[in-house]
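So you can see what is in the structure, the chains are spelled out below.
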Amino acid sequence: MAVARGRGRLSRVHPKKLADVDSERIADAVDQLRHRSKATFHDRLHRVRMAAGLAVQAGIAAALSYLVSHRLLGNPQPVFAPISAVGTLAASVGQRFRRTVELIAGVAIGVALGDGLIYLVGTGAWQLGLVVTAAILLTIFAGASVAVVIQAAATAVLIVTLSPSTQNLEIPRFVDAAVGGGIALLVTSVLFPLNPLRVLNRAARPALDLLAAQLDATADGLRERDRAKVQRALDRLRDNKEELNTFTEAIEGAKETTTLSPARWHRRDELAHYAEAAEPIDRAMRNSGTLIRRSVTLIEDEEQIPEPMPDAVSDLAEAVRLLKHEFAVGDEPEKARERSLRAVSEAGRAYAAGVGFSGSVVVAQVRTAASDLLVASGIEQEEANRLIRQSFGGQEGPRGAGPEPAGAPKPPTAPPVG
């Protein structure tokens with residue numbers, strides 16, 4: 001018989017009850033694992049879809065580089081051309097033209113150093129170490145990028161190790177670098193250019209989905225006064241660098257595609273809209289982080305939570321989802337704008353009903369994040385601020401504010417925008 005201590009004496013707990021509790025905990029853990037597994041599987045599929053176009057481009061570029069170097073230029077061992085092509089495509093999207101130039105520059109430096117030092121000191125293990133050290137120090141001294149440093153060192157290694165067995169390696173290596181990089185650019189810009197808007201839509205989806213999901217979780221946590229749920233949303237939103245970096249890189253890649261690819265020049269205006277939206281979306285992420293962090297404090301301090309406050313956060317989440325959808329289908333984001341202003345209106349009702357110090361900050365951040373979403377939708381900042389003030393309702397101040405932390409400043413009479 002299981003025994004538990006309570007209220008100063010021993011009390012007996014039926015094993016069946018303990019078993020029920022354990023079963024519930026196990027079932028909850030299994031559900032969490034199942035949900036996490038599904039999320040991981042979907043994330044991996046999404047990454048595969050994102051990389052599918054790049055994989056096809058890399059395969060085509062490698063094959064063409066091999067054929068050009070081997071058949072047209074007569075290189076009997078055209079290894080470096082396909083390697084250079086794949087290396088160029090593996091660079092961060094939006095930097096491939098620069099990567100090709102860096103690739104050729106690095107090869108030139110590596111060839112010069114390798115040949116020069118081999119002539120002076122010969123070949124061998126310590127000579128190899130000397131050549132690599134010299135290549136790295138010289139390129140760093142010259143202010144070269146990391147890509148040039150790595151390419152110079154790698155080329156120097158190849159020159160030192162292969163020169164004894166392969167004659168006249170230097171010129172083919174240099175030519176292959178130019179052939180591989182050039183064909184990679186040809187494939188990405190002319191032969192097989194990706195649709196920049198499709199790439200952007202796929203890249204923006206994780207960032208916007210993350211923001212909407214954590215705002216929804218925060219709204220639920222406020223309704224239930226569940227501090228742990230809101231804290232989890234905050235932790236997840238803080239870990240958003242990967243999603244934002246993917247979105248930013250996709251924008252840079254799309255700019256490069258519409259600059260180099262004649263078939264995509266007509267997409268420049270649409271791309272400009274997306275590019276302008278990236279910064280306000282980033283701001284909305286950061287301002288939503290402040291909103292969620294103050295929601296945690298609000299629950300901890302047991303401030304009152306007017307009913308419209310969670311509704312305002314939910315409307316903000318829905319505005320993010322609508323913005324994602326309307327961007328994806330190419331519609332004017334009117335529904336996203338309307339829902340953003342509805343969130344501000346609900347925040348105004350919450351403020352009028354009475355909020356504490358942290359509550360006033362939550363209200364202010366709803367306004368600020370909504371302003372960011374309006375700007376992301378294509379509205380000028382000044383006009384967005386005017387619409388925010390109008391939707392908020394010009395509240396004079398909260399009524400029946402809840403308890404505030406001792407010594408805390410009074411909540412603002414009008415939460416600021418921006």
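Residues numbered from 1 in each chain as written. Predicted model: local features only at pLDDT ≥ 70, side-chain atom pairs only at ≥ 80, totals over all residues. Heavy atoms only, no water.

Attention now moves to the overall build of the chain. Along its length, the chain carries 14 helices and two strands. Put simply, the chain has 418 residues, and 44% of those count as buried. Taking as baseline every contact in the chain between residues at least 6 positions apart, the subset at least 24 positions apart corresponds to 75%. As displayed, the chain offers around 21,800 Å² of accessible surface, 57% of which is attributable to carbon and sulfur atoms. (Helix = DSSP H or I, 4+ residues; strand = E, 2+ residues; numbered from the N terminus. Buried < 20%, exposed > 50% of the residue type's maximum accessible area, 1.4 Å probe, protein only. Contact = heavy atoms within 4.5 Å. Areas by Shrake-Rupley, 256 points an atom, 1.4 Å probe, with all protein chains shown as cover.)

At a minimum axis distance of 11 Å, the contact between helix 11 (residues 308-329) and helix 13 (residues 357-376) shows a crossing angle of 15°. Of the possible angle classes, the one that applies to helix 11 and helix 13 is roughly parallel. Of the two possible hands of crossing, helix 11 and helix 13 adopt the one that is left-handed. Touching Met-309, Ala-312, Val-313, Leu-316, Ala-319, Val-320, Leu-323 and Phe-327 of helix 11 are Gly-359, Val-362, Val-363, Val-366, Ala-369, Ala-370, Leu-373 and Ala-376, all from helix 13. The residue makeup of the contact of helix 11 with helix 13, split by class, is 15 nonpolar, one polar and no charged. (Axes fitted to C-alpha atoms, helices over the stretch in contact; angles between N-to-C directions. Parallel < 35°, antiparallel > 145°, perpendicular 65-115°, else oblique. Left-handed = near helix turned anticlockwise from the far one by under 90°. Nonpolar A, V, L, I, M, F, W, Y, C, P; charged D, E, K, R; others polar.)

Phi is positive for Arg-225, which is not a glycine, with a value near 55°. Along the polypeptide, Arg-225 turns up in the loop between helix 7 (196-224) and helix 8 (227-238).

When pLDDT is averaged across the chain, the result is 75; 65% of the residues are at 70 or more. Ignoring residues within four places in sequence, the model shows residues 1-14, a span with pLDDT below 50, making 16 contacts including any to other chains. The low-confidence segment residues 396-418 (pLDDT under 50) makes 55 contacts with residues lying over four places distant or belonging to another chain. (pLDDT = per-residue confidence, 0-100.)

Moving on, we come to the packing of helix 13 against helix 14 (residues 381-392). Orientation of helix 13 relative to helix 14, taken along the N-to-C sense of each, is 140°, at an axis distance of 9 Å. Between helix 13 and helix 14, the crossing angle belongs to the class labelled oblique. For the pair helix 13 and helix 14, the sense of crossing is right-handed. Where helix 13 abuts helix 14, its residues Val-363, Arg-367, Ala-370, Ser-371, Leu-374 and Val-375 lie against Gln-381, Ala-384, Asn-385, Ile-388, Arg-389 and Phe-392. Partitioning the contact of helix 13 with helix 14 into residue classes produces seven nonpolar, three polar and two charged.

A word on the packing of aromatic side chains. Working definition: an aromatic ring pair is given by the centre-to-centre distance plus the angle between the planes. According to the stated counting rule, one finds one aromatic pair in the structure shown. On the basis of an interplanar angle of 50° and a centroid distance of 5.9 Å, the ring pair of Tyr-351 and Phe-392 is categorised as tilted. Of this pair, Tyr-351 sits in helix 12 (residues 334-353) while Phe-392 sits in helix 14, and the two are 41 residues apart along the sequence. Phe-392 sits in the buried class, given a relative accessible area of 3%. (Phe/Tyr/Trp six-rings, centres within 6.5 Å; stacked < 30°, edge-to-face > 60°.)

This part is about a nonpolar patch on the surface. Residues Val-56, Ile-60, Leu-186, Val-190, Leu-191 and Phe-192 make up a contiguous nonpolar surface patch of roughly 470 Å² in combined accessible area. The set of elements that each furnish at least two residues to the nonpolar patch consists of helix 1 (15-72) and helix 6 (170-191). Top element by residues in the nonpolar patch is helix 6. It accounts for three residues. As for its position among the elements, Leu-186 is in helix 6. (Patch = residues over 30% accessible without salt bridge, like charges linked within 9 Å, V, L, I, M, F, W, Y side chains within 5 Å. Salt bridge = Lys/Arg side-chain N within 4 Å of Asp/Glu carboxyl O.)

We now examine the pattern of salt bridges. Enumeration over the complete set of coordinates arrives at 15 salt bridges. Here Asp-315 ties to Arg-339 by a salt bridge, and the two come within 3.5 Å at their closest N and O atoms. Placement of Asp-315 in helix 11 and of Arg-339 in helix 12 is noted, with a sequence separation of 24 residues between them. Taking the relative accessible area as the measure of exposure, Asp-315 reaches 11% and is therefore buried. A salt bridge links Glu-346 to Arg-349, with the nearest nitrogen and oxygen atoms 2.9 Å apart. With Glu-346 and Arg-349 both in helix 12 and three residues apart, the pair spans about one turn of that helix.

This paragraph deals with the environment of Arg-205. Following the sequence through the fold, Arg-205 ends up in helix 7. Take Arg-205: its relative accessible area is 32%, and that puts it in the partly exposed class. Distance from Arg-205 to His-325, taken between C-alpha atoms, is 9.1 Å for residues 120 residues apart in sequence.

With twelve residues, helix 14 ought to run about 16 Å at 1.5 Å a step, and its terminal C-alpha atoms sit 16 Å apart, in line with that. Every buried residue of helix 14 is listed here: Ala-384, Asn-385, Leu-387, Ile-388, Ser-391 and Phe-392. Along the axis of helix 14, the buried positions cluster into a sector of 165°, meaning they face one direction only. For helix 14, exposure combined with an orientation more than 90 degrees from the buried face picks out Glu-382 and Gln-390. Next to the buried residues of helix 14 lie helix 12 and helix 13. Remark: Gly-393 follows helix 14 within two positions and exhibits a positive phi of approximately 95°. (Expected span 1.5 Å × (residues − 1). Arc of directions from axis to C-beta.)

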